[in-house]
Amino acid sequence: MSSDEYDEYDLSEFTSQELAVVDANVSDMLRSIPEPTVSSAGPKIHIALESSCDRIEPSPAQQSNVVTASTTTSSTLLFVSPAADSPYSRFCSWRKAFSVTDLVSPAWCELQYEYGFFAQKHKPLHLRPSSFISRSGKQVHVQRDRATTSDRRLRRGKSTHQALENELRPVTVTVTTNTPEERFGLRVAQLITGFNEVIASGKTRELPVFGIIHGHAVVGVIDEVVQVFTASESPIRRDGGVKSPSADGDSGTHTRLSGTSSQGTYTLGLVDYKTRRAEYLPPEEDSRSPKLQLMLYYRMLASLLTPGTVDFDLLWSLMDLDPNKRFSDKFVRDVGWADAMSDGELHLDLNSMVSEWVAIAHREIIEEGRLKGVNAELQLIYRRALDQIESPDKRNQRKEYMELNDPLQALALEEQMVIARAIAGKLPECGVEGEGASDIANAIAEKIQLPYPPEHYPSAWSQLVSAGSDQENIALQWAIQDSLLSSAEKARTKWYLSQNEPIVKGDGPSNAPHQGQESDMSNISRMSPIIGARKFLMNDAQLDSHLDDILQWWMGSRKPRGVTVAHTYRCFTCEYQKSCEWREEKAKEAAASVLERRQLAESL
């Protein structure tokens, strides 16, 4: 039930210059809201930027009413352009493309994701506002203690990914980009060199992908791509073993990878890494977002490997790129292509880079006949996240951060009588009073003390919330979850105090590390052990259904949705819970439902 397995707001798909544009774009938007009433077994690439990027306005072509585009090889769909006040227009249109994160992370909670833009979660914690005005005009206050914990989780996940990349690319090369074309060209260069790395050594990490999904440009970065051989063709390493993802075990997977180049046929296996504080795999319902993430990666990489599937002319148009614009000589040298140019001629552009990619893929797929596409079995690998801080009494010693992110875990620390009293006090709001309220409250409090396995927390939470009510009495369920979350928060606060953990309260500055301290945090989460793996098959119908739905929110066709009452345990780690408009709306609906029931009873 812990939400720390999600690398939410993962902005690794974008450069620091692009993030600077986010700041300008969001700042302009916030001021306008009224006050309420690359490498081949080689180095990783770090992007250095010389000039700032001005805010990009939509082109006339993008302002048309509809866009026609192929989303698969067999379907063509029409898409209405975004509304002026849509999340896409406000937060995404400037970069001309969605990230994979944009399309899958809202599956956890759309309202939380939208609030993250207004709260400027891409910034260091100490530079974010303590409150903001939502799209509807409400002032939302940020709970600083939860924001600190969330930021810690995010940096913990990034450090694990960095450690994994450092295994393959210990050397950093700086590449300077000055134009949007060069920034996208760097993606293509990294795609080519990463693909060559797979061919040569059987594995690559941080592989960029891009394409057109449901009529929109989308970019992403795959954590790991490996050669997958059948059992009869698995190349044996010199040490007699068969290499598996992460080099330190992958929980019994049948995937067999090459440690060196092989002449056998293979498919490309996609792996995504998630970090968790918990020592167990998350429940299936909490793995939906990362599963969709891998499905999107599958679709984009498969399209890039299939000739004619990606309409590059449309992609350049959607992203407002000139494919014939020449890259600077410095950029060509930085990406390591200067020596490959004939006669010292350094002319290189997006068209020529794409031609090179097509040629390399064609050679491996058609001429050599080795690559047989992307493997439909996708894999999530969960790692135990271990980060540390300096001990306050002995600075030469270290201790783990202590977190309590599960409401049931927190409630188990509270006295049964206290919980029952809190629940009973809340139930009259939904029309349940007297002995009926006491019976329900006592039954729930007793169940909380049961020894639930942690991996069963979500289902246990759902059972507690619906205890003593039929499925139609939503008002009662929302009242129960509200009292449980309130009691859990009080229990967590007492627990933190007993552990001598610092608690950040109110809207003031946080005690989280500032930008200068952030590098220390990023280096202390070393290669963490694997908890386990989860495999599943590519599901086009499930992916398309999600994309159709989430794009309606992005384009402004509907309001963002929060969690269902069964998933309100997710609110326990959300920094916007106290000001959440979704929870307020559900509370009003519950009150209206109670009033309607009373009026109906009185009329009988």
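Since we're looking at a predicted model, the values are computed, not measured.

What counts and how
Residues numbered from 1 in each chain as written. Predicted model: local features only at pLDDT ≥ 70, side-chain atom pairs only at ≥ 80, totals over all residues. Heavy atoms only, no water. Helix = DSSP H or I, 4+ residues; strand = E, 2+ residues; numbered from the N terminus. Buried < 20%, exposed > 50% of the residue type's maximum accessible area, 1.4 Å probe, protein only. Axes fitted to C-alpha atoms, helices over the stretch in contact; angles between N-to-C directions. Parallel < 35°, antiparallel > 145°, perpendicular 65-115°, else oblique. Left-handed = near helix turned anticlockwise from the far one by under 90°. Contact = heavy atoms within 4.5 Å. Nonpolar A, V, L, I, M, F, W, Y, C, P; charged D, E, K, R; others polar. Expected span 1.5 Å × (residues − 1). Core = buried A, V, L, I, M, F, W, Y, C linked by side-chain atoms within 4.5 Å. 1 Å grid on protein atoms, 1.4 Å probe; cavity = no way out; pocket = protein on both sides within 12 Å on 5 of 7 lines; lining within 4 Å. Points joined across faces, edges and corners; volume = space filled by probe spheres on them. Polar contact = N/O pair within 3.5 Å; in protein donor to acceptor, adjacent residues only side chain to side chain. Pairing = 2+ DSSP bridges. Salt bridge = Lys/Arg side-chain N within 4 Å of Asp/Glu carboxyl O.

A. Layout of the overall build of the protein chain. The helix and strand tally for the protein chain stands at 18 helices and 15 strands. Of all 604 residues assigned to the protein chain, the portion counted as buried reaches 54%.

B. View of the packing of helix α12 (residues 416-426) against helix α15 (residues 474-498). Viewed as axis vectors pointing N to C, α12 and α15 meet at an angle of 140 degrees, and their least axial separation amounts to 9 Å. Judged by the angle between their axes, α12 and α15 are oblique. Crossing geometry of α12 relative to α15 is assigned as right-handed. Facing α12, whose interface residues are I419, A422, I423 and K426, α15 presents A479, D482, S483, L484 and S487. When its residues are assigned to classes, the contact of α12 with α15 shows five nonpolar, two polar and two charged.

C. Broad picture of helix α6 (residues 180-201). Helix length check: α6 (22 residues) gives 31 Å between terminal C-alpha atoms against 32 Å at 1.5 Å per residue, within 8%. For α6, the buried fraction is high: 17 of the 22 residues fall into the buried class.

D. Region of the structure containing the nonpolar core. Formed by 136 residues in total, the largest nonpolar core has its most connected members in F184, L270, L427, L484 and W554. Here this core takes eleven residues from α15, the largest share from any one element. Not counting chain neighbours up to four residues away, the residues in contact with F184 comprise F210, V219, L315, W316, M319, L321 and L350.

E. Summary view of empty space enclosed by the protein. One number sums up the size of the second largest cavity: a volume of about 130 Å³. Around the second largest cavity, the lining comprises 15 residues; the ones closest to its centre are C109, Q112, C571, C574 and C580. Taken together, the elements giving at least two residues each to the lining of the second largest cavity come down to α4 (110-118) and α18 (581-603). Ranked by residues supplied to the lining of the second largest cavity, first place goes to α4 with three residues.

F. Representation of the side chain of E414. Assignment of secondary structure puts E414 in the loop between α11 (407-411) and α12. By relative accessible area, E414 is classed as buried at 11%. Here the side chain of E414 touches K494 through a polar contact of 3.2 Å, side chain to side chain. The residues touching E414, leaving out its near neighbours within four places in the chain, are I419, Q449, A491 and K494.

G. Summary view of the pairing of strand β9 (residues 216-228). For β9, the tally of buried residues reaches 13 of 13 residues, placing the bulk of the element in the interior. As defined by bridge partners, strand β4 (residues 98-99) adjoins β9 across two bridges and the pair is classed as parallel. When the bridges of β9 are listed, F98 appears paired with V218. Note: strand β8 (residues 203-213) against β9, ten bridges, orientation antiparallel. Pairing of G211 across the sheet is with V218, part of β9.

H. Molecular detail of α4. Counting buried positions along α4 gives nine out of nine residues, so the element sits mostly inside the fold. Within α4 the residues assigned to the buried category are E110, L111, Q112, Y113, E114, Y115, G116, F117 and F118. The positive-phi residue at the C-terminal boundary of α4 is Q120, with phi of around 60 degrees.

I. Representation of the environment of K578 in the model. Its place among the elements puts K578 in the loop between α17 (540-554) and α18. With 437 residues separating them along the chain, K578 and H141 place their C-alpha atoms 7.6 Å apart.

J. A look at the pattern of salt bridges. Tallied over the entire structure, the rule returns 25 salt bridges. Across the salt bridge formed by D272 and K274, the nearest N and O atoms sit 3.2 Å from each other. The same class applies to D272 and to K274, which are both buried. A salt bridge links D482 to K426, with the shortest nitrogen-to-oxygen separation between them at 2.7 Å. One end of the pair, D482, is in helix α15; the other, K426, is in helix α12, and 56 residues separate them in sequence. Here D482 falls in the partly exposed class, since its relative accessible area comes to 27%.

Keep in mind these numbers describe shape, not what the thing actually does.
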